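# Summary of structural features
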Amino acid sequence: MMNLVYPQIVTGADLLRGINKLNYLAPLLKRRGAIAASIVNAKMYGVPSFYHTMKKYGIQPVIGLTVHLDLGEGRVVLIYVYAKTEEGYRNLLKMSSAISITDEETLPIHWLEAYRAGCHIVCAMTDASWDGLRDEETIQRLQNHPTEKTIYIGISRPGGISHADELLIETLAKTASLPIMAIYEARYIYPEDAFAFKTADAIRSGEKLIEQAEALDVYEFSYLPEQAELQAWFKDRLDWLE
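### With respect to the overall build of the chain
Helix and strand content of the chain: nine helices and eight strands. On C-alpha atoms alone, the chain measures out to a radius of gyration of 17 Å, which is about the 18 Å that the 2.2 N^0.38 rule sets for 242 residues. When the backbone C-alpha atoms are referred to their principal axes, the chain occupies close to 40 × 40 × 40 Å. Within the span of the chain, comprising 242 residues, buried residues form 50% of the whole. Within the chain, contacts between residues separated by at least 24 positions form 72% of all contacts whose residues are at least 6 apart in sequence. Accessible surface computed for the chain: about 12000 Å², of which carbon and sulfur atoms make up 54%. Side-chain charges in the chain split into 24 positive and 32 negative, and the spacing between the mean points of these groups amounts to 7 Å.

So, in structure tokens, the structure goes:
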């Protein structure tokens, strides 16, 4: 049986962008046999409590940050940035601070270039923000040099459904010699928690729930999948889960 890792968890500390509570989350991860879990809040809120709680339950905590990267000319893409060293952690703090002072809560690409040392970057290429930008030119802008081993291509399959451009993304990753990893953002724990999450998200965004009916489908699979479910979603590419 392969190791179970949860690479994108958004906690309730992230201002209603997630409703995961650590006192429920950590014991559940332990029961499922998870060996590692990563927090990817949009700011560095909740990181100390996440770190210590995961340690308490024998789960390796990984500190990450959800980043809406501003490429310029109105182009913003979703990436996840993870600290792999102490320097990387300090740089995540700097990125979080930089995001806080922008009106759109985005990170200009020159700030990423300045603070990327000690970090891994995962390009969430199946996210809609990458539409029209799944090309070598965009990837090259994120690479310091062609042999860099800190960038990954992220592919999601919510409910096991492949993205229409998955083959294109695979080809791009192969051309750029970049590894692919499965991504599955968990904003709540169980499927039945979807409505509670959407209520919280409506409060954050100021929209009425009825106006978010279409958006509900976007987050329909933003729960914490069990290992068997993950393996079913990626049954033909289990190596992406490793």
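### Overview of the pattern of salt bridges
Following the criterion strictly, the structure yields 11 salt bridges and no others. A salt bridge links arginine 17 to glutamate 105; its shortest N-O distance comes to 3.2 Å. Of this pair, arginine 17 sits in the loop between strand E1 (4-9) and helix H1 (22-32) while glutamate 105 is found in the loop between helix H3 (86-100) and strand E5 (107-108), placing the two residues 88 residues apart along the sequence. Judged by relative accessible area, which is 19%, arginine 17 ranks as buried. Connected through shared salt-bridge partners, Asp14, Arg17, Lys43 and Glu105 make up one network.

### Observations regarding the packing of aromatic side chains
Within the structure shown, the criterion is met by eight aromatic pairs. Summarising the aromatic geometry, the rings of phenylalanine 221 and tryptophan 233 are spaced 6.2 Å apart at their centres and angled 85 degrees between planes, so their arrangement reads as edge-to-face. Taken together, the residues span a long stretch of sequence, with phenylalanine 221 in the loop between helix H8 (213-218) and helix H9 (227-233) and tryptophan 233 in helix H9 at a distance of 12 residues. Its relative accessible area of 27% is what places phenylalanine 221 among the partly exposed residues. On the basis of an interplanar angle of 70 degrees and a centroid distance of 6.3 Å, the ring pair of tyrosine 223 and tryptophan 233 is categorised as edge-to-face.

### Description of the pairing of strand E6 (residues 119-124)
Counting buried residues along E6, five of its six residues qualify, which places the element largely inside the surrounding structure. Where strand E4 (residues 75-83) and E6 come together, five bridges link them in antiparallel fashion. Along E6, the bridge assignment pairs tyrosine 82 with histidine 120.

### Considerations on the nonpolar core
One recurring pattern in soluble globular proteins: nonpolar side chains tend to sit buried together. If you look at the biggest cluster of nonpolar residues, it comprises 65 residues, and the most contacted ones within it are Leu29, Leu69, Ile79, Cys123 and Ile153. Setting aside anything within four residues of it in sequence, one finds leucine 69 in contact with Arg75, Val76, Val77, Ile79, Leu107, Pro108, Ile109, Leu112 and Leu142. Core analysis: the second largest hydrophobic core is formed by nine residues, Tyr80, Tyr82, Val122 and Met181 among them.

### Some points on the state of the cysteines
Counted according to the given criterion, the structure contains zero disulfides. With no disulfide of its own, cysteine 119 has cysteine 123 as its nearest cysteine by sulfur position, at a separation of 13 Å. Accessibility expressed as a relative area gives 3% for cysteine 119, which makes it buried.

### Observations regarding the packing of H1 against helix H2 (residues 47-56)
Where H1 meets H2, the axes come as close as 10 Å, and the angle between the chain directions of the two elements is 35 degrees. As H1 packs across H2, the resulting crossing turns out to be right-handed. Only Ser49, Phe50, Thr53 and Met54 of H2 make contact with H1, whose side of the interface consists of Leu22, Leu25, Ala26 and Leu29. Looking at the contact of H1 with H2 residue by residue, the classes come out as six nonpolar, two polar and no charged.

### Examining the side chain of threonine 11
Mapped onto the secondary structure, threonine 11 falls in the loop between E1 and H1. Of the residues examined, threonine 11 reaches a relative accessible area of 3% and is grouped as buried. With sequence-adjacent residues up to four places away left out, threonine 11 is seen in contact with Gly18, Asn20, Leu22, Ile39, Asn41 and Phe50.

### Comments concerning helix H6 (residues 166-176)
For H6, the full list of buried residues reads Glu166, Ile169, Leu172, Ala173 and Ala176. Seen from one end, H6 has its buried residues packed into an arc of 120 degrees, which puts them on one side. Turned more than 90 degrees off the buried face of H6, the exposed positions are Leu167 and Lys174. For H6, the elements touching its buried residues are helix H5 (136-142), strand E7 (151-155) and strand E8 (180-182). Backbone geometry just after H6 places serine 177 at a positive phi near 55 degrees.

Reading the values: the criteria
- Per chain, the residues get numbers from 1 upward, laid out in the order the sequence is written.
- Note on the predicted model: pLDDT of at least 70 is required for a residue's local features to be given, and 80 or more for side-chain atom pairs to be given and counted; whole-chain, interface and lining totals, by contrast, use all residues.
- In computing side-chain properties, one takes all heavy atoms of the structure into account and sets aside hydrogens as well as water.
- Each helix is a run of DSSP H or I of at least 4 residues and each strand a run of E of at least 2, with the numbering of both proceeding from the N terminus.
- With the radius of gyration taken over C-alpha atoms, the globule rule is written as 2.2 Å times the number of residues to the power 0.38.
- Remark: exposure states derive from per-residue accessible area (1.4 Å probe, protein chains only) relative to the maximum for the residue type, with buried under 20%, exposed over 50%, and partly exposed in between.
- Here, residues are in contact when the closest pair of their heavy atoms is within 4.5 Å.
- Note on areas: Shrake-Rupley, 1.4 Å probe, and residue coverage restricted to the protein chains presented here.
- Counted as positive: Lys and Arg. Counted as negative: Asp and Glu. His and the chain ends are not counted at all.
- For this purpose, a charge sits on NZ of Lys, CZ of Arg, CG of Asp or CD of Glu.
- The salt bridge criterion pairs a side-chain nitrogen of Lys or Arg with a carboxyl oxygen of Asp or Glu, the two atoms within 4 Å.
- Ring pairs are drawn from Phe, Tyr and Trp, using the six-membered ring of Trp, whenever the two centres fall within 6.5 Å, and their geometry is named by plane angle: stacked under 30 degrees, edge-to-face over 60, tilted for the rest.
- One requirement defines pairing of two strands: DSSP has to find at least two bridges between them.
- The set of buried Ala, Val, Leu, Ile, Met, Phe, Trp, Tyr and Cys residues whose side-chain atoms join them within 4.5 Å is what this entry labels a nonpolar core.
- Disulfides are defined as cysteine sulfur pairs within 2.5 Å.
- Axis definition: a line fitted to C-alpha atoms, over the contacting stretch in the case of helices. Angles run 0 to 180 degrees between N-to-C directions.
- Two helices that cross are described as forming a left-handed crossing if the nearer one is turned anticlockwise from the farther one by less than a right angle, and a right-handed crossing if clockwise.
- Asp, Glu, Lys and Arg are counted as charged, while Ala, Val, Leu, Ile, Met, Phe, Trp, Tyr, Cys and Pro are counted as nonpolar; the rest, among them Gly, fall into the polar class.
- Note that the arc is defined by the directions from the helix axis to the C-beta atoms.

Shape descriptors only; they carry no functional weight alone.
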